[in-house]
Amino acid sequence: MGQTYQLTATAAFGLEGVTARELRTLGFADVKTENNRVAFTGDAAEIVRANLWLRTAERVYVVLKRYPARTFTELFDGAAAYPWEEWIGRDSAFIVNGKCVRSKLMSVRDCQSILKKAIADRLCRKYGVKWLPETAERYSVVFSVTDDEVTLMLDSSGEGLHKRGYRTLNVDAPLRETTAAALLLLAGYDGVRPLIDPFCGSGTIPIEAYFIATDRAPGLTRDFDCTAWKQVPEQVTEQVREQARNRYRPDASFSISGYDVDPQAIAVSLRHARAAGAERIRFRQGDVRDLRVSEKNGLFLCNPPYGERLEERAEVEKLYADMKKVFDRAEGWRRYVLTSDKNFERIFGRKADARRKLYNGMIECCFYQYFVNAPSGKENGGVQSGKEENGKSDSKQPLTGETAARGKEKQSGKSLVAAPRERFTRYHRTYRRGIMGCRERQRETGTKPESTAATGRPVTPRERA
Ligand SMILES: C[S@@+](CC[C@H](N)C(=O)[O-])C[C@H]1O[C@@H](n2cnc3c(N)ncnc32)[C@H](O)[C@@H]1O
């Protein structure tokens, strides 16, 4: 292991917990959620690995320095004291961007030029030159001045991580790739159950599902700024990429389908799927009302039209009501719906088992989760066997269950399935306590959690007893 860096990953509002969970599952150290970011540590290889594997993060930063500053002089001096020459070469290009929040220094533009000057002055002095050509690899310096504390970071991702590279065409209101992946992880999707997105648009949800089902790193075919840095040797990047290529199982069995009433959307989905190497996803044109499923115990996961415009309201309300009839015909299928429609549950005719507030771009949405139609409370919780990752056992019970067990989003109103849902919540609370207990012990003792031989997941208190 080389030098250890302080790293931080950003995610869309409301999804930091999902990113933190991903980091832990991937085996990163010192994972901690703070101020809408997730802090962790790692060496050069880990910087590449985080960029390559995180499905829900927007960017990964290297944190260089934190210091207090209430004046421009303090801002300048703090930056000038940092050894930038350890990162930025004589010919490297570097840009400075950032934000100011609740601080004495609130002019982003002034902070930006002062920091650029502080860094440039120091580099000129160290390299014995009068000007910097900035013609080589890029270092993107990011600052935040929050509550009079400056944080200086380097953006290791370059382009946002949602840009996987497969989405080249646009449809109306596409979902971010990172958000689609987060919805799938929240739903506990692990490639085993059949999955249908009846409103697939440009195919984002099915394609992200394919990446999960085949254990394909979302960033496998793209570059990151850090791979050009001298601190990240080429052979390190190649090794991390090689490991990811070896994990990818394009021949894994799965059942993923995307439907859309618009033939143009299906054409776009097919094009994107081809670009992602995901030709085995079934994309078909069709109205959700005509959908029939032959498989059992699958997941509907979608973001249908929201009906933001007044003239679309009646149509969308009818669509949601019809959608429920279609979903009800599918035996044992859970439903997950992302919409901004505040009346969704009323129109859909049922209170959700769990809800989560999220943003789709700038639009405030809610992710409605229905675990019903499952044969038992245990099934409802979706407690599935963990998937092997790096040879370690990985307890991947769905976050939906975690959300429900936390009881944050109180279930209100009458439910048609009150009894199983209560059973599920009770079961899951116990199960969560078991998991948390295992993890705490693991952190304290540095040991692996106990696991059941059959599933590889940590044992529940009941099983241990
Ligand atoms: C919000 S967009 C989905 C975007 C998609 N998640 C993506 O990432 O590109 C909603 C989609 O629902 C489709 N749609 C609208 N009414 C439909 C219906 N009755 N049946 C099936 N699809 C429908 C629209 O054509 C549109 O592509």
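Located above this text is the structure these notes cover.
Residues numbered from 1 in each chain as written. Predicted model: local features only at pLDDT ≥ 70, side-chain atom pairs only at ≥ 80, totals over all residues.

**Student:** What's the story with the overall build of the chain in this structure? I'm lost.
**Tutor:** In terms of regular secondary structure, the chain is built from 14 helices and 14 strands. Taking all 465 residues of the chain together, 43% fall into the buried category. By sequence separation, contacts in the chain at least 24 residues apart represent 75% of the contacts at least 6 residues apart. (Helix = DSSP H or I, 4+ residues; strand = E, 2+ residues; numbered from the N terminus. Buried ≥ 20, exposed ≤ 12 C-beta atoms within 10 Å, placed from the backbone. Contact = placed C-beta atoms within 7 Å.)

**Student:** How do you make sense of the packing of helix H2 (residues 44–53) against helix H7 (residues 234–247) when you look at a structure like this?
**Tutor:** Think of two packed helices as two axes; the pair is described by the angle between the axes and how far apart they sit. Relative orientation of the contacting elements H2 and H7 amounts to 40°, with a least axis distance of 9 Å. Comparing their axes, H7 and H2 come out oblique. Considering only the axes of H2 and H7, their crossing is right-handed. Contact with H2, carried on its side by Ala44, Ala45, Val48, Arg49 and Leu52, involves Val236, Thr237, Gln239, Val240, Arg241 and Ala244 of H7 and no other residues of that element. Looking at the contact of H2 with H7, its residues break down into 7 nonpolar, 2 polar and 2 charged. (Axes fitted to C-alpha atoms, helices over the stretch in contact; angles between N-to-C directions. Parallel < 35°, antiparallel > 145°, perpendicular 65-115°, else oblique. Left-handed = near helix turned anticlockwise from the far one by under 90°. Nonpolar A, V, L, I, M, F, W, Y, C, P; charged D, E, K, R; others polar.)

**Student:** Is there a simple way to explain the site of the ligand in this structure?
**Tutor:** Pro174, Phe199, Gly201, Ser202 and Thr204 are the nearest of the 22 residues found near the ligand. A per-class count over the shell around the ligand returns 15 nonpolar, 4 polar and 3 charged. (Near = placed C-beta within 6 Å.)

**Student:** Any chance you could explain the nonpolar core here in plain terms?
**Tutor:** Most often, soluble globular proteins keep nonpolar side chains buried together rather than apart. If you look at the biggest cluster of nonpolar residues, it comprises 110 residues, and the most contacted ones within it are Leu115, Val141, Leu183, Leu184 and Leu301. Looking at which domains feed residues into this core, each of domain 1 (5–155) and domain 2 (177–214 + 249–370) supplies at least three. Filtering out sequence-adjacent residues up to four positions away, leucine 184 remains in contact with Tyr189, Glu208, Ala209, Ile212 and Leu301. (Core = buried A, V, L, I, M, F, W, Y, C linked by C-beta atoms within 7 Å. Domains from an automatic or database assignment.)

**Student:** Even after reading the chapter, I still don't get the sheet that holds strand E5 (residues 93–101), so can you show me in this structure?
**Tutor:** Sheet strands line up and pair through hydrogen bonds in the backbone, either parallel or antiparallel. Judged by pairing direction, the sheet is mixed, and its 7 strands sit side by side in the order E2-E3-E1-E4-E7-E6-E5 without closing on themselves. Either end of the sheet is taken by a strand with one partner, and the two such strands are strand E2 (29–34) and E5. Between one strand and the next, the sheet's axes are offset by a mean angle of 30°, whatever the strand orientation. Across 7 bridges, the pairing between strand E6 (residues 138–146) and strand E7 (residues 149–155) is antiparallel. Along E7, the bridge assignment pairs valine 141 with leucine 154. Contacting E5 and E6, helix H4 (residues 108–127) crosses the sheet at an angle of about 140° to E5. (Pairing = 2+ DSSP bridges.)

**Student:** Explain the packing of helix H3 (residues 72–80) against H4 to me, please; I cannot follow it from the model alone.
**Tutor:** Closest axis-to-axis distance for the H3/H4 pair is 8 Å, and the angle between their directions is 35°. The interaxial crossing formed by H3 with H4 has right-handed handedness. For the pair formed by H3 and H4, the contact residues are Phe72, Leu75, Phe76, Ala79 and Ala80 on the first element and Asp110, Cys111, Ile114, Leu115, Ala118, Ile119, Asp121 and Arg122 on the second. Looking at the contact of H3 with H4, its residues break down into 10 nonpolar, no polar and 3 charged.

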